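Single-letter residue listing:
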Amino acid sequence: MRFLLSATAALFVTSAAGADPMSFDLALKRASGAPSVRGRETSVAAAQSSAIAADQLPDPKLDFGIKDFPVTGPDAGRFNRDNFTMTTIGVSQQFTNPAKRHARAAMAAAGIDAAKADHLIEARSVQLETALAWTDLYYAQKRLALLQTLDASLDDLQKTVSSRLTSGSARPSQALEPAQLRAQVNDRRAALVSEVARAKAKLSRFTGDVNPQTTGDPPALSLDDERLRSSFRALPALRARDAATRSAEALTQSARADKNPDLTISASYGRREPRYGDLVSLGLSIDLPLFAKRRQDPKIAAAASEAERTRFDRLSAEREWSAALEADLAEHTMHHQRLENARTTLVPLARQRAALDRDSYAAGKTDLGTALLATLSVAEAEVDLLDRDAEVTRDTVRITITYAGYDR
């Protein structure tokens, strides 16, 4: 009972002075402003800005020139000595056919969708990594607290051993057994200290806190299998696939639009020798896609095949995510069953056995090694229970954020 009371009290001990306490929700809120997420936001803004000009006509062209300037004959090198030489100024405007402009607009819209999907993917990835880092830090600190209580129990056993040695009821070699057990605990503590440092480093990366520290408990999340199965099709990764399909379809649309001719209208004004009249010229040029079977049609077929590939990739990705969801749910069920087994059976049995062995040792009916192993088995059972609880919490957090997101 003393072991259990000490364990409960130690769970609330702060492991680092000067830490910056963060609840689970606060950590995710701070991570929403991570540099990688902000960078994706600027990519969305860039795509939206580029889309404004996607379906606009090209800029008009202003032309200056000299026409019919003689370079041979009696007037060679003489400017405006005949009735042909003139200086010109003109303007021309290309009118891209509407089909091409609509295709460019569709490609720009697909680019915006792709940028948004990329932003969502990064935001959810950062959210997930932050949530898992917070959870890992939370449980690593709880494990450290359990090891502290085990140290206290070893102190009690050491005192008992000393009194037994004084009375002659214990062998001298038995005095080393608590020290051996303490060395094992120190190894476990070193591993946990490293785990805490790694979790803090990851949490600091996403939240910007120099020395993050958890406060409060993990969120009380529950998994709704049917809701997850019905909503996972809106995953950012699948939205990115949809954007890739729309982009490929827009490329196909653009390839087909190449069969429609563009128009260019031009106008110019020519000034000649003052004794001759000035001239005005108008012009119209039209593209002639006369060899479509060898130029436009192969491009159309290639673009259409690429669009079909993206649709198959989208279907494959959906099936992959669906299988991953079912596997994650099955693993979560297994972890939850293991947690309940430890909570209701393994830990209570370990406590009962340890109590019986300690009583037997106190009464001189069993040796010190048995009592030490009983104490260790309780600590291991407590740590194992905590590990299983961490597995279930990690599963719940990971599945919720991965397939549905976390919005509080």
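Residues numbered from 1 in each chain as written. Predicted model: local features only at pLDDT ≥ 70, side-chain atom pairs only at ≥ 80, totals over all residues. Heavy atoms only, no water.

Draft legend 1. Structural detail: the overall build of the chain. Helix and strand content of the chain: nine helices and six strands. Out of the 408 residues belonging to the chain, those deemed buried represent 36%. Contacts spanning at least 24 positions in sequence make up 83% of the contacts within the chain whose residues lie at least 6 apart. Summing over all exposed atoms, the chain offers an accessible surface of approximately 22,700 Å²; the carbon and sulfur share of this is 55%. (Helix = DSSP H or I, 4+ residues; strand = E, 2+ residues; numbered from the N terminus. Buried < 20%, exposed > 50% of the residue type's maximum accessible area, 1.4 Å probe, protein only. Contact = heavy atoms within 4.5 Å. Areas by Shrake-Rupley, 256 points an atom, 1.4 Å probe, with all protein chains shown as cover.)

Draft legend 2. Focus on a nonpolar patch on the surface. Together, Leu57, Phe95, Leu263, Ile265, Leu284, Ile286, Leu288, Leu290 and Phe291 give the surface a local cluster of nonpolar side chains, amounting to about 870 Å² of exposed area. Listing elements by their share of the nonpolar patch, those giving two or more residues are strand S5 (263-271) and strand S6 (279-286). Structurally, Leu263 is set in strand S5. (Patch = residues over 30% accessible without salt bridge, like charges linked within 9 Å, V, L, I, M, F, W, Y side chains within 5 Å. Salt bridge = Lys/Arg side-chain N within 4 Å of Asp/Glu carboxyl O.)

Draft legend 3. Local environment of the packing of aromatic side chains. Applying the stated criterion across every chain yields a total of five aromatic pairs. For the ring pair Trp134 and Tyr138, a centre distance of 5.4 Å and an interplane angle of 10° mean the geometry is stacked. Highlighted residues: Trp134 and Tyr138, both in helix H4 (residues 98-167), separated by four residues, approximately one helical turn. The exposure class of Tyr138 is buried, given its relative accessible area of 12%. Relative to Tyr403, the ring of Trp321 lies with its centre 6.0 Å away and its plane at 85°, an arrangement referred to as edge-to-face. Here Trp321 is found in helix H8 (residues 296-362), whereas its partner Tyr403 is found in helix H9 (residues 368-403), with 82 residues between them in sequence. (Phe/Tyr/Trp six-rings, centres within 6.5 Å; stacked < 30°, edge-to-face > 60°.)

Draft legend 4. Highlighting the confidence of the model for the chain. Confidence in the prediction of the chain, expressed as mean pLDDT, is 83, and 84% of residues score 70 or more. The least confident element of the chain is helix H1 (residues 2-10), whose mean pLDDT is 34; the most confident is helix H3 (residues 35-52), at 93. pLDDT under 50 marks residues 1-19. Its contacts with residues more than four places away, or in other chains, come to 26 contacts. (pLDDT = per-residue confidence, 0-100.)

Draft legend 5. Inspection of helix H2 (residues 24-31) at higher detail. Within the sequence span of H2, burial applies to Phe24, Ala27, Leu28 and Ala31. On an axial view of H2, the arc spanned by its buried residues comes to 95°, and they lie on one face. (Arc of directions from axis to C-beta.)

Draft legend 6. Inspection of the pattern of salt bridges at higher detail. By the definition in use, this model includes 29 salt bridges. Arg394 is the partner of Asp136 in a salt bridge, and the nearest nitrogen-oxygen pair spans 2.7 Å. Taken as a pair, Asp136 in helix H4 and Arg394 in helix H9 lie far apart in primary sequence, 258 residues in all. Between Arg311 and Glu308 there is a salt bridge; the shortest N-O distance is 2.8 Å. Here Arg311 and its partner Glu308 are both found in helix H8, three residues apart, which amounts to about one turn of the helix. Take Glu308: its relative accessible area is 35%, and that puts it in the partly exposed class.

Draft legend 7. Molecular detail of helix H7 (residues 236-257). The end-to-end C-alpha distance of H7, which contains 22 residues, comes to 31 Å, matching closely the 32 Å that a straight helix rising 1.5 Å per residue would cover. Burial in H7 covers these residues: Pro236, Leu238, Ala243, Thr245, Ala248, Ala250, Thr252, Ala255 and Ala257. (Expected span 1.5 Å × (residues − 1).)

Draft legend 8. Inspection of the nonpolar core at higher detail. If you look at the biggest cluster of nonpolar residues, it comprises 29 residues, and the most contacted ones within it are Phe24, Ala131, Trp134, Leu203, Val397 and Ile401. Mapped onto this core, the elements with two or more residues apiece are H2, H4, helix H5 (177-207) and H9. Once residues lying within four places of it in the same chain are set aside, the contact partners of Val397 are Phe24, Leu128, Ala131, Leu132, Thr135 and Leu221. Membership of the second largest hydrophobic core comes to 10 residues, among which are Leu339, Val347, Ala374 and Val392. (Core = buried A, V, L, I, M, F, W, Y, C linked by side-chain atoms within 4.5 Å.)

Draft legend 9. Quick look at the side chain of Asp209. Structurally, Asp209 is set in the loop between H5 and strand S4 (212-214). Its relative accessible area of 7% is what places Asp209 among the buried residues. Polar side-chain contacts of Asp209 include one of 2.3 Å to the side chain of Arg30. (Polar contact = N/O pair within 3.5 Å; in protein donor to acceptor, adjacent residues only side chain to side chain.)

Draft legend 10. Looking closely at the environment of Ala197. Position of Ala197 among the secondary structure elements: in helix H5. Sequence separation between Ala197 and Asn211 is 14 residues, and the spatial gap between their C-alpha atoms is 9.7 Å.

Draft legend 11. Fine view of the side chain of Thr130. By the secondary structure assignment, Thr130 is in helix H4. The class of Thr130 is buried, set by a relative accessible area of 0%. Setting aside residues up to four positions removed in sequence, Thr130 forms contacts with Ala27, Leu28, Ala31, Leu203, Phe206 and Thr207.

Draft legend 12. Focus on the environment of Arg394. Looking at Arg394, the relative accessible area reads 29%, which means it is partly exposed. Along the chain, Arg394 and Leu132 lie 262 residues apart, while their C-alpha atoms are 6.5 Å from each other. Dropping the residues within four chain positions of it, Arg394 is found in contact with Leu132, Thr135 and Asp136.

Draft legend 13. Structural context of the sheet that holds S5. Pairing is antiparallel across the open sheet formed by four strands, whose spatial order is S2-S3-S5-S6. Only two strands of the sheet have a single neighbouring strand rather than two, namely strand S2 (61-67) and S6. For this sheet, the mean inter-axis angle between neighbouring strands, taken without regard to orientation, is 20°. Inspection of the sheet shows S2 paired to strand S3 (residues 86-95) by seven bridges, in the antiparallel sense. (Pairing = 2+ DSSP bridges. Axes fitted to C-alpha atoms, helices over the stretch in contact; angles between N-to-C directions.)

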